[in-house]
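Letter by letter, the chains look like this.
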Amino acid sequence: MNKSKNIFQIFDPRGKILLEKRNLSNRKNTLEGLRLAILDNSKWNANKILRGSADALSKDIKFSKVNYYVKKHGFSTDAPIEMIEEIANDNDIVLTAIGDCGSCCSCCIRDAVALEDRGIPAAPIITTEFVNETKLTRVAIGMPDLRPVVIDHPVSSITNDEVLQRVKIIKEQAQEVWLGQRQDI
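As a starting point, this report considers the structure included with it.

The rules behind each value
Residues numbered from 1 in each chain as written. Predicted model: local features only at pLDDT ≥ 70, side-chain atom pairs only at ≥ 80, totals over all residues. Heavy atoms only, no water. Helix = DSSP H or I, 4+ residues; strand = E, 2+ residues; numbered from the N terminus. Buried < 20%, exposed > 50% of the residue type's maximum accessible area, 1.4 Å probe, protein only. Pairing = 2+ DSSP bridges. Right-handed = clockwise from strand over helix to strand, strands pointing away. 1 Å grid on protein atoms, 1.4 Å probe; cavity = no way out; pocket = protein on both sides within 12 Å on 5 of 7 lines; lining within 4 Å. Points joined across faces, edges and corners; volume = space filled by probe spheres on them. Contact = heavy atoms within 4.5 Å. Core = buried A, V, L, I, M, F, W, Y, C linked by side-chain atoms within 4.5 Å. Axes fitted to C-alpha atoms, helices over the stretch in contact; angles between N-to-C directions. Parallel < 35°, antiparallel > 145°, perpendicular 65-115°, else oblique. Left-handed = near helix turned anticlockwise from the far one by under 90°. Nonpolar A, V, L, I, M, F, W, Y, C, P; charged D, E, K, R; others polar.

**Some points on the overall build of the protein**
Part 1: Broken down by element type, the protein carries five helices and five strands.
Part 2: Tracing the protein from N to C terminus, the helices and strands come up as β-α-β-α-β-α-β-α-β-α.
Part 3: For the C-alpha atoms alone, the extent of the protein along its principal axes is close to 75 × 35 × 30 Å.
Part 4: The buried share of the protein, reckoned over its 185 residues, is 45%.

Dropping the structure here:
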């Protein structure tokens, strides 16, 4: 405040986001013969859900290979750049999970965006409780068009029957993501 002139300077705390929009990688015309990457963030039940999903998808789609990546340092950290590069070099599509809390959701989305930036269509799995947070993350990092796979919350404390129910949803929605058919949520 300038006391001699009674002039106040007011700052807008919201700031401005000056990000360029990042484009999705090219969607696939078919999934037959592709190499599928499974990126497990080590959340409870993520392994069961991801392996179950890979098995369910493989019943209808003949992948040339399914590669599993479970070396993340934790579910609340992004995958190391070396792992992202390895996935991008050795695979055609990726299924990554699980986003069922705040920090693991944002990391799951950032991993998917890193792979999309490298030309790999990514289907990140999140839960219903974090749809809005995930949308904000996608917008904030410049990839609002990324479509997640959305399953019921929670994940960590579910039964084997509930795992199978979620696998059915993932099987359908992941294909829609990779083929560019998934609508905005």
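Back to the write-up after that little detour.
**Brief notes about the pairing of strand β2 (residues 65-69)**
Part 1: One ladder, built from five bridges, connects strand β1 (residues 35-40) with β2; its direction is parallel. When the sheet's bridge partners are listed, L39 is paired in β2 with Y69.
Part 2: Once the chain exits β1 it traverses helix α1 (residues 46-60) before rejoining the sheet at β2, and the crossover so formed is right-handed.

**Notes on empty space enclosed by the protein**
Part 1: Counting across every chain of the model gives one cavity of 30 Å³ or more.
Part 2: In this structure, the largest cavity occupies an estimated 40 Å³ of space.
Part 3: Around the largest cavity sit I38, D40, N47, L50, R51, Y68 and V70, which together line it.
Part 4: Every element with two or more residues in the lining of the largest cavity is listed here: β1 and α1.
Part 5: With three residues, the single largest contributor to the lining of the largest cavity is α1.

**Some words on unusual backbone geometry**
Part 1: Cis geometry marks the peptide bond from A97 to I98; its omega dihedral reads 10 degrees.
Part 2: Position of I98 relative to the elements: it lies in strand β3 (residues 93-99).
Part 3: Residue H153 is joined to P154 through a cis peptide bond whose omega torsion reads 5 degrees.
Part 4: By the element assignment, P154 lies in the loop between β5 (149-151) and α5 (160-179).
Part 5: Positive phi, close to 75 degrees, is recorded for S42, a residue that is not glycine.
Part 6: The residue S42 is located in the loop between β1 and α1 in this model.
Part 7: For N45, which is not a glycine, the phi torsion comes out positive at approximately 75 degrees.

**Quick word on the side chain of N67**
Part 1: Within the element layout of this structure, N67 appears in strand β2.
Part 2: If we skip the residues at most four places from it in the chain, N67 touches L36, A37, I38, D90 and N91.

**A short note on the nonpolar core**
Part 1: In this structure, L95, I125 and W178 are the most contacted members of the largest nonpolar core, which totals 28 residues.
Part 2: Mapped onto this core, the elements with two or more residues apiece are β1, α1, β3, β4 (122-127), β5 and α5.
Part 3: Excluding anything up to four places from it in sequence, L95 contacts L36, A37, I38, L39, L50, S53, A123, I125, I170, A174 and W178.
Part 4: If you look at the next biggest cluster of nonpolar residues, it comprises 23 residues, including L39, I87, L115 and I120.

**As for the packing of α1 against α5**
Part 1: For the pair α1 and α5, the least separation of the axes is 8 Å and the interaxial angle reads 55 degrees. Taken as axis vectors, α1 and α5 run oblique relative to one another. The two elements α1 and α5 cross, and the hand of that crossing is right-handed. Packed against α1, whose contacting residues are K48, I49, G52, S53, A56, L57 and D60, the element α5 presents N160, V163, R166, V167, I170, K171, Q175 and W178 at the interface.
Part 2: Along the lines of polarity and charge, the residues of the contact of α1 with α5 split into seven nonpolar, four polar and four charged.

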